[in-house]
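# Close look at the chain arrangement
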Amino acid sequence: MPGNDTFSRKIPAVRSYDRLTNAFPNERVKHLVAVRADPARSGEVISALKDLARRAQSDPLFAKESTPRLKTSADGRVSTLELAVPFRTSSDEAQQSLRHLRTDFVPATVGKVAGAEEAVTGDIARDADYVDHQNEKLPWVIGFLLLLTFIMTVVAFRSVVIGIVGVMLNLLSAAAAFGLLVLVFQHRWAEDLLGFTSTGSIGSRVPLFLFVILFGLSMDYQVFVVSRIRESALRGVPTRTAVLDGIGSSAGVVTSAAIVMVTVFASFIFLSLIEMRQMGFVLAAAVLLDAFIVRIMILPSIMTLLGKASWWPSRTMRRAQSAPREDVANLPTAQFQPSSGTG
């Protein structure tokens, strides 16, 4: 989860933050245990929280030099305990301290107070819970995108085959881009080349944002290229020739647009925030891969190999591909418009 520890250390405010944390390491991050109970049980809650504090201070994952801060509301209903951790928020040690609190210390202390409701929040819990929530929802987002992409492609081109091919190529493009992201930023392959200090991880929000953006960009290229191919095929041109015509008429526009977008996205790589660097790098790499390899090489190859099967089950396309060329030329133009017909 990106935060103060992932910012560039060249920023003056971040250098001041580093000096403060070095001088007061026990104030770096904190857990906050909150308990709500009947005011009549306020004494039990306070006693349980003090027991929790003693257990935490005997654990090397918690700061021993810092005194736990215990507070109770004026009506005695809510009590809180603040515990310091001398590690970075996203570090393994900090995450482990959260697990100790939630699975061991809290159930063994305030968890035994009858009628009490307890929860653990704070810097570390917010990060951990946000990432868990995002990971839980990510498959639904991906599934929705895949389904919507498939449906829209089938509706636009009257072809189930093109819909399946589009989904698979979008996944291929995104997977290749994410692979480069892991190599460069998680495995530190290009620290010197790009001039950054790797955190050894990927920002938690980066995959979700990038997946949605990349699918949009990929579909843009897919629709543009396949539309040109379909226009030729609707005139009765064999699929192989239609692919050559479509790619020939669209390649210049696709590659020119890709170069413009790559230039814009690549500028993000020089920003201070590691998250923005990661997003800029992946978007630039993905556009290059998608425009110059996936849509200009792989997509035409697949459609050439599939031939007429590329348009299944479109009846309009089947009639256009089966009719003699002279008969096709004499049919009304509106009959071959991509948006017309019943499929």
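Residues numbered from 1 in each chain as written. Predicted model: local features only at pLDDT ≥ 70, side-chain atom pairs only at ≥ 80, totals over all residues. Heavy atoms only, no water.

## Quick look at the overall build of the protein chain
From N to C terminus, the protein chain includes 11 helices and four strands. A fraction of 72% describes how many contacts in the protein chain between residues 6 or more apart in sequence connect residues 24 or more apart. (Helix = DSSP H or I, 4+ residues; strand = E, 2+ residues; numbered from the N terminus. Contact = heavy atoms within 4.5 Å.)

## A word on helix H7 (residues 206-234)
Between its terminal C-alpha atoms H7 stretches 41 Å, which fits the 42 Å expected from 29 residues at 1.5 Å a residue. Of the residues trailing H7, Gly236 is marked for its positive phi of about 90°. (Expected span 1.5 Å × (residues − 1).)

## Focus: the packing of aromatic side chains
Inspection of the entire model under this criterion finds four aromatic pairs. Their ring planes at 70° and their centres at 5.7 Å tell us that Phe185 and Phe281 sit as a pair that is edge-to-face. Placement of Phe185 in helix H5 (residues 160-186) and of Phe281 in helix H9 (residues 274-306) is noted, with a sequence separation of 96 residues between them. Residues Phe265 and Phe268 carry aromatic rings whose centres are separated by 6.4 Å and whose planes lie at 70° to one another, so their mutual orientation is edge-to-face. Judged by its relative accessible area of 26%, Phe268 is partly exposed. (Phe/Tyr/Trp six-rings, centres within 6.5 Å; stacked < 30°, edge-to-face > 60°. Buried < 20%, exposed > 50% of the residue type's maximum accessible area, 1.4 Å probe, protein only.)

## Digging into helix H2 (residues 42-57)
The end-to-end C-alpha distance of H2, which contains 16 residues, comes to 23 Å, matching closely the 22 Å that a straight helix rising 1.5 Å per residue would cover. Among the residues of H2, Ser42, Val45, Ala48, Leu49, Leu52, Ala53 and Ala56 are the ones counted as buried. Mapping the buried residues of H2 onto a view down its axis gives an arc of 145°, with all of them on the same face. In this structure, H2 carries Gly43 and Arg54 as exposed residues pointing more than 90 degrees from its buried face. Check the buried side of H2 and you find it contacts strand E1 (29-36), strand E2 (69-72), strand E3 (78-85) and helix H3 (92-108). (Arc of directions from axis to C-beta.)

## Observations regarding the pattern of salt bridges
A pair can form between side chains of opposite charge whenever their charged atoms are brought close. Counted according to the given criterion, the structure contains 11 salt bridges. Between Arg41 and Glu44 there is a salt bridge, and its shortest N-O distance comes to 2.7 Å. Between Asp51 and Arg54 there is a salt bridge; the shortest N-O distance is 3.8 Å. Taken together, the positions of Asp51 and Arg54, both in helix H2 and three residues apart, correspond to about one turn of that helix. Overall, Asp51 belongs to the partly exposed group, its relative accessible area being 22%. For Arg54, a relative accessible area of 54% translates into the label exposed. A cluster of three or more residues bridged by salt bridges with shared partners is formed by Asp51, Arg54 and Arg55. (Salt bridge = Lys/Arg side-chain N within 4 Å of Asp/Glu carboxyl O.)

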